Structures are given as structure tokens and as C-alpha cells.
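# Chain and residue survey
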Amino acid sequence: MRVPLSWLHEYVDLPAEVTGRDVGEKLIRAGLEVETVEESDLTGPLVVGKVLTYDDEPQKNGKTIRWCSLDIGKDEPQWVVCGANNFEVGDLVVVVLPGAVLPGGFAISARKTYGHVSSGMICSSSELGLGDDGTHGIVVLEPGEAVPGDDAIELLALRDDVLDIAVTPDRGYCLSIRGVAREAATAYGVELKDPAGLRLTGSGQGGYPVRVDDAAACSVFVTRTVTGIDPKALSPRWMQKRLLASGMRPISIGVDITNYVMLELGQPIHGYDKARLSGEIVVRRATPGEKLMTLDDQTRELDAEDLLITDDSGPIGVAGVMGGASTEISDATADVVIEAAHFHPIVIARASRRHKLSSEASRRFEREVDPLLPRYAAQRVADLLVDLAGGTLEADETVVDTHALPEPTTIRADHSARVAGASITIEETLRHLRSVGCTVEPAPAGAVPAPLAAGVHAPATEVGGDDLLSVTPPSWRPDLHDPNDFAEEVIRLFGYDNVPSILPPAPGGQGLTVAQRRRRRVATALVGAGLTEVVSYPFTGAADFDAMGLPADDPRRTTVKLVNPLSDEEPSMQTMLLATLLRTAERNAGRGATDLAIFQTGLVFLPKGESKPAPLLPVEHRPSDAEIQTLNDALPDQPLHVGVVLTGSRTPTGWWGKGQPVSWADAVQLARTIASAVGVEPKVRNGEVAPWHPGRCAEFSVDGKVVGHAGELHPKVCQAFGLPARSSAVELDLEALITAGPSSIAAHPFSSYPVAKEDVALIVPADVAAAEVEAALAEGAGELLESVRLFDLYTGEQIGEGKKSLAFALRFRAADRTLKENEVADARQAAVQVAVDRFGAVQRVG
Amino acid sequence: MSGPNTDYDPVEVTPLHAEEVERTRDEALKAFTEAADLAALQDAKGTHLGEKSPIALANREIGALPPQARKEAGQRIGAARKAINEAFAGRLAVLEAEHEERMLATERVDATLPWHTPELGARHPLSLISEQVADVFTALGWDVAEGPEVEAEWLNFDALNFLPDHPARQMQDTFFVEPAGSGTVLRTHTSPVQARSMLTRKPPIYVVVPGRVFRTDELDATHTPVFYQVEGLVVDEGITLAHLKGTLDHFVVSMFGEGLEARLRPNFFPFTEPSAEVDLKCFVCRGASVGNPDRPCRTCGSEGWIEWGGCGVVNPRVLQACGIDTDRYSGFAFGMGLERTLMFRNGVEDMRDMVEGDVRFSRQFGMEI
């Protein structure tokens, strides 16, 4: 809502010198979201001039300019060049002089043009920010309106600050000058001259015939008729100026007046060309198949739920949203039927959504308009049509009114003080409630406080007795019904700044959960390993899956999809972090970061298969546990994953020698790092799954459940994402790892007896996993084994084709004694034997 | 020890001859002093302290002396050996120190050289600030609560008093999940976790909720469709707006420094009543830039205050929908955007830097913000 300060001045007795910024500041403190205050950038000198002489001088470019002398109240005439010709000698015009700045920052100086030095300029309406006055020329003032030399800024009220207010949904009444004026009056503690405080001249009956078939959707419908207007009449400058300042384009006298009154009072008005109406106006719901061409020249299919204004010809408007083209006021309209109605906000909100049509009218009706306004608004429109367009107002008036007035709410007199935790006296409470327009009386005997007054029975600041008030909100505040609604009004006027600041003592907490702590540790461990955390959007699509080489039937292609994705190419929520993390790597590579080590943690979204919609449960009470379960059942599984991408060099080449390129082993090792950061030792074996290299992928599992993979990316994947060859990646179900982590770790005593070291080299078939051989040794060695570690891997001629040699260092130690040589030898042999039995391992000697 | 030296054959040093012992001693001391390095000293040690050295041989002969001579000879030899040993140790210490000094000097390196192990990586600043906020509130005894990102519409909206036809529901540009009518959305705020907390916990409830949220905004310098919020919720007996102010003041001080405070401006949110916008006193100019054109402040635009988030007293309708006894309990809630917080706190000028995943953005922060 854009509010010109001059318009506020008309209805609120603000201090004369007050600026838009001052008013904005006060309104912000009262709870209006004043987004900007546009201060006029117009500066003078801008004066009234009287045309003394002019010469028309044709130019080579085909134009004719006027070389004019003007009386601007000084001894010498002012000489200017003017391109317009809609004035005569003796006319009063507006002259801007060198040194002035016109709206839009247009600085004026004396300049040479068309062979003259023009000391200023005669102004057109649009140059003054007054809109198009229809002359396509300069502004000619009425004779006697001013004398030469008068300040034109003051005369035409050209300098006007404009407040731009973002009206919140509960403050529909502030979509009007009337509403903002009320807040300003309260904020400055001055009287409001209610712009709706008009004398009604209508008879209340006999106006244009109207029948309302759906009183719940349309509780008030008023018509007035004005005949014989001059449709060619121009809207006065002041009206055009205010419409422009309010962000509306002046169109014609009839339309401008309805818009002006809507802005002023907040009541949307529709004007019909009476000659184009046929028969009774009927307000009803649409029947399927009906169509209507709206004012924006679009033909709209109507829905059975749409509330329509109709006449004998069919639909002539979607109620409260937009009128129809067939009955609109035109520049030939002489007789106007004015409609001012009250529509149910939900009906209008739904229609506006259905037709994707948000109009000035629908925005107001959605937030509910004062139901008492229609007669006054219609009167105001009629009065202006009579005054400005020369029409005649009929006394006959149609008034359909079934609107119920607001009910009182019973609240404790100290409710506001209790909600605030501040000492707000009963007197202050009454004063503030009344200033927002509430009627406040003592509650009748036997009344009980309204429900939803949260916490009033809890011990709170003692500020008053247990008196009960009966509070009736004003007609323009349909948002006020619960006790806290009234409390907000009182507290905002009491001043949020006056509420004390008290830190509430929470009961003892337990700190972060185990899972929260472990997530931090994983991140810290990865950063310690040199990785950089990034974020990326979770949106993905077929192109990503194709680039990752996922087979057509890969379950990860089954996704949670969005109805309205940002991009049709990415309609899905990611089922794996790498889908988006690889794109992030691609972007970094494209920006020159080819040696990359990045990670991300985030949710992935795994559909549950068949799932029922999540119901919209009632809000009047807590849903049952079963109902809450249905909500959760409708959601996909959303486990937390961690993803890593490594590209280029893992360590750089430098003065120490050659660097190391990223390898599958770096990825696998990082996966191990992640697992050990949460205290888990996963089982590792070779895996074969996209997007990894089929021969260079490790599969990680915990308790028999696969929790992810690590290794080198498939060459095609590197290519598809524009990453260096041998780029590697990890993706693990971090949630599963965290859950598998120990609840606590029992300390083991460690032996102070000497260690016995034994090395074992085993030749095994090349496809036997080192991890399995290691496990076999550990199993066979028994409890004397302290540790086993692979220290060498050899393939080559000495051991033959298809074989490899694995060398392990075994350390034995007993808790209670020094091991004897034969004990160690036996344990070693037992270890080797399991490897021999399991894999046909042969001990390598020498 | 050997027995009496029966075939006594006085050689080289006669233990009884004091001058002989002194000469032997002086020769040893001279040799040690003249030893120029550790190798020469070791040689001299062999000559003058070794098994075949005169003093060792003399010592061995003591046992063969007549008993009446043994004491004096023993003392004399003992004193000489002590002097020789001390001389050796003294010279050894000197030479070792010299050697070490030379070695350390030759081993000098350019300590500014880089090394090949990976440098420390970096957290994303949004993670760091989330964790910092969580730490501020866990220190107060609050819990850190979480919830899903694909969320039931009822929890995202209805339970929070965003009713289906209310304009506020339309104002949150929502991603809907297929099929249309699934009743699920990408959460538009962290507030469904409020509802979940109330549905699953019993008061007193003190939770802080950092998390990722979604709205159908196009990415530009000040908007992103995927962003992070942090939200707080308290439900307890006797909770008032004053408690909200106290909590926000504490939060402001914890995040931005001593002496700062929060300011509330009335506003509207469906889930709180009364509701307010939270402003933060500018931590850079502390208000000194207001009306002071000579000292403009970029951080707050010379307003003295920075818009930070929204807050309010929990609307009793929300408590009711979530099964909290509205006679007994009241609450407050607040929420802030973390991207916005980083923008003004750390001078990030373009929202896109935060979401594009360029490693340079994270790396400039490292592990601190």
C-alpha cells in the first residue's frame, strides 16, 4: 500500500512540519511494515509564470518551437524555449528555473538550444509527476489561480512523500488511507477525521434490482446509480497525482473515481455502464461450463465454486476479483451503476488462486473488508461522480445486508499484561483497546474468559485483579477474536520497547545428542584430512542419473518428485548426494579448481513405494498418535548421507618430490576415516555399482547392511562431469553409521609384557581380498594376537600368474606373562593355517 | 677383585710414588685438553683411562702392595683417577656441545617451505554458524531439535495456524511434492519442527532448531530457493513476551558482542500472537551512524538497527493443535535466516556465493567464522 503523505494530512491532524520519514518511523513502531519512504526529489525554483510573448520558430527537423518571454514576478522577463503550443499569451504556466531538480532527478540549467539560451523550461503535467493530463502539452493554470512568481511547488502540492507499506495479512484495513490514517492518528495521539464519515443520501431501497443467492458468500451488496455523467471529463490533477503516487494509472473519470475511493476507504468498487446491463443483477455460484471475458480481455473458464455477478446476459464479473468486459465503463458511459459489496474472504481467495488473478480488489477482499463500508463507499463514489463528472445521483439505493456484526470476546482485564510480562495497567489496557476501535465493557455477571488465553492460570506478573472485560472489535478488524489478538493490540500500543527483558531459566538440558555430536566429528575429521565442506541444492533429474551411469532400472532413479520444480530438467529430490556434489565438483573444475577435495552432508530422499497422502488433520485438538503416524508414513525416508569427491592431485608435486594423484585408495581411506570418527569399524569388500569404476570400488557394510561405497569414479562419469581422470568419490549413509556407533566404549587393560613380532608372507589367488586374508589370520591367531597389519603387496614373476603375495606383520602379547617361543610359533601357525584352509594360501619363504 | 699380586712386578707406575702418579695424571689431563674433537678424545680416553692405561695398571697393583702401603697408595691412585675421569667428562661435555652446535648450524632449513601433506580443509560457514547458534542455546540448557525436509503439509502449515485459505499460506512460495494432493511439501520454514517438538515432548520445552528450508524463489544476489534458518521454541508455565526479549537479548550478545540488544517491532505471523520483527542493534556502528552523515555505516545502512528475523508469543491455536494445555502453558518462538545473518555479520555480498559450492567461499573461513 502506497500512501502519499498529503492524503494522510487530509484525515489526520498531523503536525504541519512532519516528514514522511517521521510518520514512517511512528507507524513502524505501531506495527506497520513501512518498507520505504520515498522522499520527493523535486527542488525549486519552480514558479508560476505568465506568458508575455512568444514566437513560433519552425526548425529544420520539422518541429516548431516557441521562443517565449514570461513574467515570473521579477523586473526582467524570463526567456525560455518551449516545444509545446497549447498556450496563449496571458496564460499562467509553471516554469522551472535553472538550479531546480524535477522528479526523477532531472536537473535544470540554462542551456543553448535551437539558437537561443533557454533559462529554464515550461513544464508539462508528467514532468511535474502529475501524470498525463490529456493535453499532451504543458500545464495551463486556471486564470486567477495564482499570480506570476508564486511558488508552484506549494500551489500544486508537488512535493509529497510517499510511504510504501507492506500490509500483513491480519491488517487488511491498512490497505486504505482510512486504515493507515487511523494508525497514524493513534501514533500521534490526534483525532482521526474518518473519511467514511459521510452523510448517506440514499433511501435504502428502490435502486438497481439485485438478488443475492448465496448470502454466506456475499453478505452485503449495495448499488447506487449516477446518471448523465460526462464520460470525457478529465480527472482533476490532484486525483491523478494521488493515483499515480499510489501506483495506479489514471484511465478515465469513472474508473479513476472508483480506484480513488478504493484506495481511500479500502472498499473495492465496481462500476457498470448501466446501458450495458440487462435485467436484475444476480449474485450466485457459477454453473460448470460458464465462461467470462474479464477486463483484462482474457476469457476464463469458470469453476462451480466461483462466485459470480450475473445479469440476464450471463456472468458479468467474478465477484471481488475482476469485472467482465461486456459491462465495463467506457468513454461513452453516461449512466453508472456503482456496486459496493462484501464478499467472504475465503471465497475470493480461492477464486483468485484458481484463476491466478490477484487484483487490487481481491487482495482487499481476501483480507476481509469492513462490512459496514459499502453504503459509505458507494456514496463517496457517487458524490465524486456528481462533483467531478457532472452526474446526477439517484436517491434510490439497493441495500442487501445480512452481515452479522462481530461478537464480543470475554478476556481478563490483565490478560495483556500477563502475555507481555509487563506492568500494563487496566486503564492503559482500556485506552489502547478503545483506540483501535474496540468497544470495551465490564463482562456481564457469570461470563467466563474465552478459551485460548494461553497460560493465564500460570503464575504471572501481578498487575490487576481478576476483572473480566467484554471486548467487541470494530467492524474493520475481523482479525480480532482470540484473547491474544486483543493482547497484541494493547502491547504494541503500550510499546514493545517498554516490555522488560528477562532470560527464562530452562531446566537442565543434556547438550547435543549423540548423533549431533558424531556429525560434528565427521565434519571435523574430514576437514582435518584436507576436505572442504560445500552445500548444493538437492534437486536432480535424469541428466544427472545418466551422467552417473545409473542403469535404467536402478532404484536410485525412483525419486520424490516436485509438482512445481524450479526447472523441469530437475524435478526430483536427490536419492544420493553425489548427484549434486558431482555437479558442484564440475562447477569448481570449470572455475579452475581441478585439485579438489570436497564433502557435503545432507538428506537424501527415498520414496517408500506405495504411500497414502498425508491428511490435513483438524487443528482444534491434538491429533491422535495414529493420525500423527499417518503423517509420518506419508513422508519418504530421509537419511543423512555424507558424500566426498576428490579430483586431480591428492598431494602436490613440490621440492620434496613428485605429488600423488587422487586414487581409489584415498576415497576408501576417507570412508574409513568417516566410520572411525563415529566409532564404527565397517566391513569392507569389493563392490560394483555406479557411478564407481567396477573394479575400483569398495563396499562398506555394518551389521550386514550396506552403508555405502568408495573408490574411483567410472571413466565415463569423470568424462560426463568434466572431471580429471581417476577422480574418486565416497557416499555413505551417515545416519546408519552413526546409529551403529557404540553407546559407550569399555576400556581394556593393556599388557606390560614384551611383544613378540612375527611376519607372515602368503601367496594367494589375485582375486582374494586382502581384508579377508587379514581377517582369516586374525581369526586363526586367537586371543594372543595384538594386531595384524598388511605391510607389503607383491605381484610378479617370482610368484606366478594370477597370484599375489601379501605380507603381514603380526604382534603377539599376553596379558599376564612373557610369551614363550613355542606359544608364539603355535599362534602364528594357527593363523596361517586358517588362511591356507580358506584361500589355499601358500607361505612364501625367504 | 683379584687376589694379592703374588708375582709382583712393578711396571710403569709405582703407586707409592706420588710424583709418578701426578705425572700420569697430568699427562692424561693434558691429552684430554688437547683432544680437538670427540674422536681424539675417545683415543685419549683409551690411552689414559683404558684397561691398559698406566692409571688402571697402577690401580691393579695396589692389591699387591704391603698392607701398610695400600691405604696411602689407594687414596693417591683414587684421587688421580677421579681427576682424570672428571677431566674427561668435562672435555666430553665441551666437545659434545661444540659438536651439537655445529650440527644444528649445518642442519638449518628454510622453515617457510611448504609441505606435501594436505592442508586443513574448511567447513561451510553456514554449518559453522548453525553450530555456533546451537552451542549458545545448549549452554542455556536447551535441546537441538530436528525434523524432515520433506514434510507433511499439516505440520508445515495447518498446525501452525496457517489455514488453507489464509493469505499467509499463499505468501510462502511452496514446493509441493507429487502427486498433487500428496499432502507433503518441502518445508518452507523450520517451524514444523516446533509442531513436532510439541507433539512429541512434554513441557517444559526449550528447543533450538537449525535447518534447511525451501521456497520457490529464483536464485539472485539476495534470494535463494534453498536456505537455512534457525528457530527457537519455548513452552513452559508463565512464559511471556518479556522472556522472549530476554532470550533474544542474550542471543544477540552471544553472537555479536557485549552491550548489544534486540529490538522488537510489531508484525504479523500466523503462529505467533503477539508477533514481532526482531532488529539487532548494529554491531558495527552501535547506532553512532544514525543522523550522522560523516560516519555512514554500511552494515546497517546508517539505520542503527539491522533486521534479523521474526518472533512472537506462540499463538494458543498452535498450542491447541499440538496438544499443549493452553490453560497451563504459554510459549514463545523466534526464527532467523542464517544466510542473511552471514551476509551482514561477515560481509558476504552475494547470496549466490553461499550456495554455489565454490570451494573458495568456504576456504576463506576455514573453521571459524
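None of these values were measured; they are calculated from a predicted model.

Conventions used here
Residues numbered from 1 in each chain as written. Chains lettered and ligands numbered in written order. Predicted model: local features only at pLDDT ≥ 70, side-chain atom pairs only at ≥ 80, totals over all residues. Heavy atoms only, no water. Buried < 20%, exposed > 50% of the residue type's maximum accessible area, 1.4 Å probe, protein only. Helix = DSSP H or I, 4+ residues; strand = E, 2+ residues; numbered from the N terminus. UniProt positions renumbered as here; feature names shortened; annotations may be inferred. Contact = heavy atoms within 4.5 Å. Pairing = 2+ DSSP bridges. Domains from an automatic or database assignment. Buried area = accessible area lost by both parts, 1.4 Å probe. Salt bridge = Lys/Arg side-chain N within 4 Å of Asp/Glu carboxyl O. Polar contact = N/O pair within 3.5 Å; in protein donor to acceptor, adjacent residues only side chain to side chain. Nonpolar A, V, L, I, M, F, W, Y, C, P; charged D, E, K, R; others polar. Expected span 1.5 Å × (residues − 1). Phe/Tyr/Trp six-rings, centres within 6.5 Å; stacked < 30°, edge-to-face > 60°. Lys NZ or Arg CZ within 6 Å of the ring centre and 35° of its normal.

### Observations regarding helix H8 (residues 192–200) of chain B
For H8(B), a buried count of eight out of nine residues is recorded, marking the element as mostly surrounded by other parts of the structure. All of the buried residues in H8(B) are B:Pro192, B:Val193, B:Gln194, B:Ala195, B:Arg196, B:Ser197, B:Met198 and B:Leu199.

### Focus: the UniProt feature "binding site: Mg(2+)" (unreviewed entry) in chain A
Mapped onto this numbering, the UniProt entry gives "binding site: Mg(2+)" (unreviewed entry) at A:Asp479, A:Asp485, A:Glu488 and A:Glu489. Topologically, A:Glu488 is positioned in helix H12 (residues 483–494). When near neighbours in sequence (up to four residues on either side) are disregarded, A:Glu488 contacts A:Asp170, A:Tyr496, B:Asn267, B:Glu273, B:Pro274 and B:Ser275. Excluding its chain neighbours within four sequence positions, the residues that come into contact with A:Glu489 are A:Arg171, A:Val436, A:Arg477 and A:Leu480.

### A short note on the sheet that holds strand E14 (residues 210–212) of chain A
Adjacent strands of a sheet pair through backbone hydrogen bonds, lying either parallel or antiparallel. All names here are of chain A. Pairing is mixed in the open sheet, where five strands are placed in the order E14-E17-E20-E21-E22. Only two strands of the sheet have a single partner each, and these edge strands are E14 and strand E22 (322–323). Of the strand pairs in this sheet, strand E17 (residues 281–285) and strand E20 (residues 307–311) are connected by four bridges, and their pairing is antiparallel. Of the residues in E20, the one forming a bridge with arginine 284 is leucine 308.

### Let's talk about the domain arrangement of chain B
Examined at the domain level, chain B breaks down into domain 1 (18–106) and domain 2 (125–363). When each unit is reduced to the centre of its C-alpha atoms, the spacing between domain 1 of chain B and domain 2 of chain B is 84 Å.

### Focus on the interface of chain A and chain B
Taken together, the contact between chain A and chain B spans 108 residues of the former and 116 residues of the latter. Buried area between chain A and chain B, summed over both chains or domains, comes out near 9,000 Å², and the portion from carbon and sulfur atoms is 60%. The interface formed by chain A and chain B holds nine salt bridges in total. The salt bridge partner of B:Glu356 is A:Arg591, with a shortest N-O separation of 2.9 Å. On the surface where chain A and chain B come into contact, there are 48 residue pairs in polar contact (both at pLDDT 80 or more). Take the side of chain A that touches chain B: its biggest share by element is seven residues, from helix H13 (residues 514–528) of chain A. Looking at the side of chain A that touches chain B, its residues break down into 61 nonpolar, 25 polar and 22 charged.

### Details of H12(A)
All names here are of chain A. Across its 12 residues, H12 extends 16 Å between first and last C-alpha, which sits within 8% of the 16 Å expected from 1.5 Å per residue. The element H12 is extensively covered by neighbouring structure, given that 12 of its 12 residues are classed as buried. Every buried residue of H12 is accounted for by Pro483, Asn484, Asp485, Phe486, Ala487, Glu488, Glu489, Val490, Ile491, Arg492, Leu493 and Phe494. Looking at the residues trailing H12, positive phi occurs at glycine 495, about 105°.

### Re the domain arrangement of chain A
The domain architecture assigned to chain A consists of domain 1 (2–40 + 161–188), domain 2 (46–155), domain 3 (210–401), domain 4 (409–497), domain 5 (514–604 + 639–740) and domain 6 (756–843). Look at where the C-alpha atoms of domain 1 of chain A and domain 5 of chain A centre, and you get two points 55 Å apart.

### Side note on the packing of aromatic side chains
By the definition in use, this model includes 28 aromatic pairs over all chains. A centroid spacing of 5.6 Å and a plane angle of 35° characterise the contact between B:Phe137 and B:Phe334, whose relative ring orientation is tilted. With a gap of 197 residues between them, B:Phe137 in helix H5 (residues 125–138) and B:Phe334 in strand E9 (residues 329–337) connect regions that are remote in the sequence. Ring centres of B:Phe361 and B:Phe365 lie 5.4 Å apart, and the angle between their planes is 70°; this geometry places the pair in the edge-to-face category. Here the aromatic residues B:Phe137, B:Trp142, B:Tyr206, B:Phe251, B:Phe256, B:Phe283, B:Trp308, B:Phe332, B:Phe334 and B:Phe344 are joined through ring pairs into a cluster of three or more. Just above the ring of A:Tyr188 sits the side chain of A:Lys26; from NZ or CZ to the centre is 5.0 Å. Seen from the ring of A:Tyr54, A:Arg66 lies directly overhead, with NZ or CZ sitting 3.8 Å from the centre.

### As for the UniProt feature "binding site: Mg(2+)" (unreviewed entry) in chain B
Here the UniProt feature "binding site: Mg(2+)" (unreviewed entry) sits at B:Glu273. Counting through the fold element by element, B:Glu273 comes out in strand E7 (residues 272–281). Accessibility expressed as a relative area gives 6% for B:Glu273, which makes it buried. Residue contacts for B:Glu273: discarding those within four places in its chain leaves A:Asn484, A:Asp485, A:Glu488, B:Val313, B:Val314 and B:Asn315.

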